[in-house]
Each structure stands twice: as structure tokens, then as C-alpha cells.
Amino acid sequence: YFWASWCAPCRREIPNLKRLYGMYSGKGLQIVSISIDKEDAEWKKAYNEEKMPWPSYLDRTGIANLYKVKLIPTMFLIDQNGALISDKLRGESLAEELQKLFQ
């Protein structure tokens, strides 16, 4: 999940991700957040405010560029074999896809 502290749509998506993580983490869902913030303090403040229960990192090495992230929030849904399922899911469409995957 590529996001930033200053990105309102990113912050609005986090409660949905927390809900889905609570539902599916026991079945194998793992979320990794990568912030594109420029300042450690901004990222840490937002991370602490959001209380994300999954690993979160600050992009210090340009991984967002490697994944060709143009807009945030951007999510890559990847299966257990490393194959990309989608990079266009958010909100209810993400919830529907996860429900199908974890039936």
C-alpha cells in the first residue's frame, strides 16, 4: 500500500484496510505500507495516529519508482505465488475481491 501522510484519500482508505486486515490476516492476508513522505517525522506521526497493525516503511530507496507508482494511494494485490491480481482495487472493490479470494 503506497501512501503519504498528507494524502487525504490515502488516510481515508486506512480504516477500510484495517477492517479487511482484521477479517483476513488470520487467513493469510498481509499488508505492507510504504510511505512516500519526505520527512521521517511526518510519516511516523501519521503512522502512530492511524495505528496500522501491519509493517510500514518510509520509502528511502525509491521503491515507489521501481513499482512505477504515479498516484497515491496505490495498492498491489499479489497472490501467494507473487502474481499480480490487481493494482486498481480500493474500498468496496478490494473488499469484494478479498472475499472471493478467502472464501
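Parameters and conventions
- Residues numbered from 1 in each chain as written.
- Predicted model: local features only at pLDDT ≥ 70, side-chain atom pairs only at ≥ 80, totals over all residues.
- Heavy atoms only, no water.
- Phe/Tyr/Trp six-rings, centres within 6.5 Å; stacked < 30°, edge-to-face > 60°.
- Helix = DSSP H or I, 4+ residues; strand = E, 2+ residues; numbered from the N terminus.
- Buried < 20%, exposed > 50% of the residue type's maximum accessible area, 1.4 Å probe, protein only.
- Pairing = 2+ DSSP bridges.
- Contact = heavy atoms within 4.5 Å.
- Axes fitted to C-alpha atoms, helices over the stretch in contact; angles between N-to-C directions.
- Core = buried A, V, L, I, M, F, W, Y, C linked by side-chain atoms within 4.5 Å.
- Polar contact = N/O pair within 3.5 Å; in protein donor to acceptor, adjacent residues only side chain to side chain.

A. Seen up close, the packing of aromatic side chains. The final tally for this structure, using the stated rule, is six aromatic pairs. Relative to Tyr-67, the ring of Phe-2 lies with its centre 6.1 Å away and its plane at 45 degrees, an arrangement referred to as tilted. One end of the pair, Phe-2, is in strand E1 (residues 2–3); the other, Tyr-67, is in the loop between helix H3 (63–66) and strand E4 (77–78), with 65 residues separating them in the sequence. When the ring of Tyr-21 is compared with that of Trp-54, the centres are 5.4 Å apart and the planes differ by 65 degrees; the resulting orientation is edge-to-face. Remark: Trp-54 occurs in the loop between helix H2 (40–50) and strand E3 (56–58) and Tyr-21 occurs in helix H1 (residues 8–24); sequence separation between them is 33 residues. The class of Trp-54 is buried, set by a relative accessible area of 1%.

B. Seen up close, the sheet that holds E1. Strands sit in the order E1-E2-E3 across an open sheet of three strands; the sheet is parallel. Either end of the sheet is taken by a strand with one partner, and the two such strands are E1 and E3. When E1 meets strand E2 (residues 33–35), the two strands line up parallel, connected through two bridges. What sits directly across from Trp-3, in E2, is Ser-35. Sitting on the sheet, H2 is in contact with E1, E2 and E3, with an inclination near 165 degrees to E3.

C. Region of interest: the nonpolar core. Grouped together as the largest cluster of nonpolar side chains are 29 residues, with contacts concentrated most on Tyr-1, Trp-3, Leu-17, Ile-31, Ile-72, Leu-94 and Leu-98. No other element matches the six residues that H1 contributes to this core. Beyond its immediate stretch of four places on either side in the chain, Leu-17 contacts Tyr-1, Ile-31, Trp-54, Met-75 and Leu-94.

D. View of the side chain of Ser-35. Structurally, Ser-35 is set in strand E2. The class for Ser-35 is buried, based on a relative accessible area of 0%. Within the structure, the side chain of Ser-35 is placed 2.6 Å from the side chain of Asp-37, a separation counted as a polar contact. Apart from the residues lying within four places of it in its own chain, the contact partners of Ser-35 are Trp-3, Ala-4, Trp-43, Tyr-57, Leu-58 and Asp-59.

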